[in-house]
Number of protein chains: 2
Amino acid sequence: MNYYPKPLGKLVSELSKLPGIGSKSAQRIAFDLLDWSREDVMELAKSLVNAKDKIHYCKKCYHIAEEELCEICQDSGRDPSVICVVEDPRDLIAMERSGSYHGLYHVLHGTISPMDGRGPDEIRLKELLERLKTEEVKEVILATGSDMEGETTALYIARLLKPILKVSRIAAGIPVGGDLEYADEITLMRAMEGRQEL
Amino acid sequence: MNYYPKPLGKLVSELSKLPGIGSKSAQRIAFDLLDWSREDVMELAKSLVNAKDKIHYCKKCYHIAEEELCEICQDSGRDPSVICVVEDPRDLIAMERSGSYHGLYHVLHGTISPMDGRGPDEIRLKELLERLKTEEVKEVILATGSDMEGETTALYIARLLKPILKVSRIAAGIPVGGDLEYADEITLMRAMEGRQEL
């Protein structure tokens, strides 16, 4: 027997497609939505379609953008001689929040992961190489994650670019405020290797 | 500085209004949605509005319904002389899934909770009393939760209805498959009190 009226069942199944939303959460959200005002539901529905229609990827760095180029690529105050390579727009936003970087970016939209069958052609690496031909870049900073996929990707790109220009990798080590007691062995090893003279 | 293009920021803030979705999950969902096809996003948006437009509460029992009466109230095969009182449409669905009940329902849409300032007028209790005047009901089964609010609500309704008709309460005890070791003291106490001769 079907316990939901059809439109509700459909909504639950649509919501279940969202990342991190299982069928129980989808059900909870759907029932909650039934108690929303029609205007509020419309507002949510519109914001979905609007985001999809208005946002695409920057033609240059592949960050999210409303116009052809993203706000960062359009910003003449940024240093165009450095490109920071990240996996994902969210990583870029995290980096921007830190306020520690004032160059341009390149968003790969993924990682190289031979284990999962994802090769270099499945990320925006070709596009990075194209940029390096036309833009005057002095340094590429590899800011992919410090997990295996991130490291593999950084190593692969470093090997490609090192003959051409300066390539650096963001530091791995213990997080600020982190206690050594709770850091894993590899992080501690990396922190030790990356030690700097004071 | 605003790190998101506006339509994305709006989407994140709309998604954060959903129950159980914090700002991190909302961000994750929003970025995931950008990679969906436009058709899939439209499908989700439509299912939201459609559910809101097509579903309302049954005029009789206040379960969710597409027509004036819900499927259960319309079903002539159900026993109209018993009403099972639940807090929420989800509880009703859970009860239906168990297949153990064939009477009608009444959905309160909440609980009485003096601690939170919710009195009997804020749930669909008046509507239950009205039903008892016009429908020929022999028994009311109180199937509110076994937490404090559920118990308070059940006690309150029992006191109101006991002079008029048979009132029962679903059993509390150890869940089937449950290990006594992990049951809390109150559950064990209730299980002991509710013991039945074999």
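In this report, we go over the structure that sits alongside the text. All values derive from a computational prediction rather than experimental measurement. (Residues numbered from 1 in each chain as written. Chains lettered and ligands numbered in written order. Predicted model: local features only at pLDDT ≥ 70, side-chain atom pairs only at ≥ 80, totals over all residues. Heavy atoms only, no water.)

Residue and element names in this part refer to chain B. Reading across from one edge, β4-β3-β5-β6 is the order of the four strands in this open sheet, with parallel pairing throughout. Strand pairing shows two members of the sheet lacking a second neighbour, β4 (103-107) and β6 (166-169), which therefore form its edges. Strand-to-strand, the axes of this sheet are offset by a mean angle of 25°, without reference to chain direction. Looking at chain direction, strand β3 (residues 79-86) and β4 are connected through five bridges and run parallel. For Val-86, the partnering residue across the bridge sits in β4 and is Val-107. Contacts from helix α5 (residues 89-98) reach β3 and β4, with the element oriented near 160° to β4. Each of β3, β5 (139-142) and β6 is contacted by helix α7 (residues 148-161), which is oriented at about 165° to β6, the strand it contacts most. (Pairing = 2+ DSSP bridges. Helix = DSSP H or I, 4+ residues; strand = E, 2+ residues; numbered from the N terminus. Axes fitted to C-alpha atoms, helices over the stretch in contact; angles between N-to-C directions. Contact = heavy atoms within 4.5 Å.)

Right, let's get into the interface of chain A and chain B. Counting residues at the interface gives 53 residues for chain A and 53 residues for chain B. Counting each side, the surface lost to burial between chain A and chain B is near 5,300 Å², with a carbon and sulfur contribution of 70%. Among the residues chain A hides against chain B, the three largest losses belong to Tyr-3, Leu-48 and Lys-52 of chain A. Together they make up 13% of the total. One can count four salt bridges joining chain A with chain B. Residue Asp-53 of chain A pairs with Arg-38 of chain B through a salt bridge whose shortest N-O separation is 2.5 Å. Put simply, chain A and chain B have 10 residue pairs in polar contact (both at pLDDT 80 or more) between them. Secondary structure elements with two or more residues in the side of chain A that touches chain B: α1 (6-15), α2 (23-34), α3 (38-54), β2 (64-65) and α5 (89-98) of chain A. Classifying every residue of the side of chain A that touches chain B gives 29 nonpolar, six polar and 18 charged. (Buried area = accessible area lost by both parts, 1.4 Å probe. Salt bridge = Lys/Arg side-chain N within 4 Å of Asp/Glu carboxyl O. Polar contact = N/O pair within 3.5 Å; in protein donor to acceptor, adjacent residues only side chain to side chain. Nonpolar A, V, L, I, M, F, W, Y, C, P; charged D, E, K, R; others polar.)

Let's shift gears to the side chain of Glu-96 of chain B. Position of Glu-96 of chain B among the secondary structure elements: in helix α5. Of note is the side chain of Glu-96 of chain B, whose polar atom sits 2.8 Å from the side chain of Arg-78 of chain B.

The next point concerns a nonpolar patch on the surface. Residues and elements named next belong to chain A. Nonpolar side chains collect at one region of the surface, where Ile-174, Leu-180 and Leu-188 lie side by side and expose about 230 Å² of accessible area between them. Within the secondary structure layout, Leu-188 lies in helix α8 (residues 185-193). Judged by relative accessible area, Leu-188 falls into the partly exposed class, the value being 30%. (Patch = residues over 30% accessible without salt bridge, like charges linked within 9 Å, V, L, I, M, F, W, Y side chains within 5 Å. Areas by Shrake-Rupley, 256 points an atom, 1.4 Å probe, with all protein chains shown as cover. Buried < 20%, exposed > 50% of the residue type's maximum accessible area, 1.4 Å probe, protein only.)

A separate point is unusual backbone geometry. A positive phi angle, near 55°, is found at His-109 of chain A, a position not held by glycine. Among the secondary structure elements, His-109 of chain A is positioned in the loop between β4 (103-107) and α6 (125-134). Within the chain, Tyr-62 of chain B stands out as a residue other than glycine whose phi angle is a positive 70°.

To continue, consider the pairing of β3 of chain B. Residues and elements named next belong to chain B. The buried fraction of β3 is high, at six of eight residues. This β-α-β element, β3 to α5 to β4, shows right-handed connectivity. Note that β3 and β5 share four bridges and pair parallel. Along β5, the bridge assignment pairs Val-82 with Glu-139. (Right-handed = clockwise from strand over helix to strand, strands pointing away.)

Here we take up the pattern of salt bridges. Per the stated rule, a full pass over the model turns up 26 salt bridges over all chains. Lys-10 of chain A is paired through a salt bridge with Glu-43 of chain B; the nearest N and O atoms lie 2.8 Å apart. With Lys-10 of chain A in helix α1 and Glu-43 of chain B in helix α3 (residues 38-54), this residue pair bridges two chains. Residue classification places Lys-10 of chain A among the partly exposed residues on the basis of a relative accessible area of 34%. Ionic pairing is found between Lys-17 of chain B and Glu-14 of chain B, a salt bridge with its closest N-O pair at 3.0 Å.

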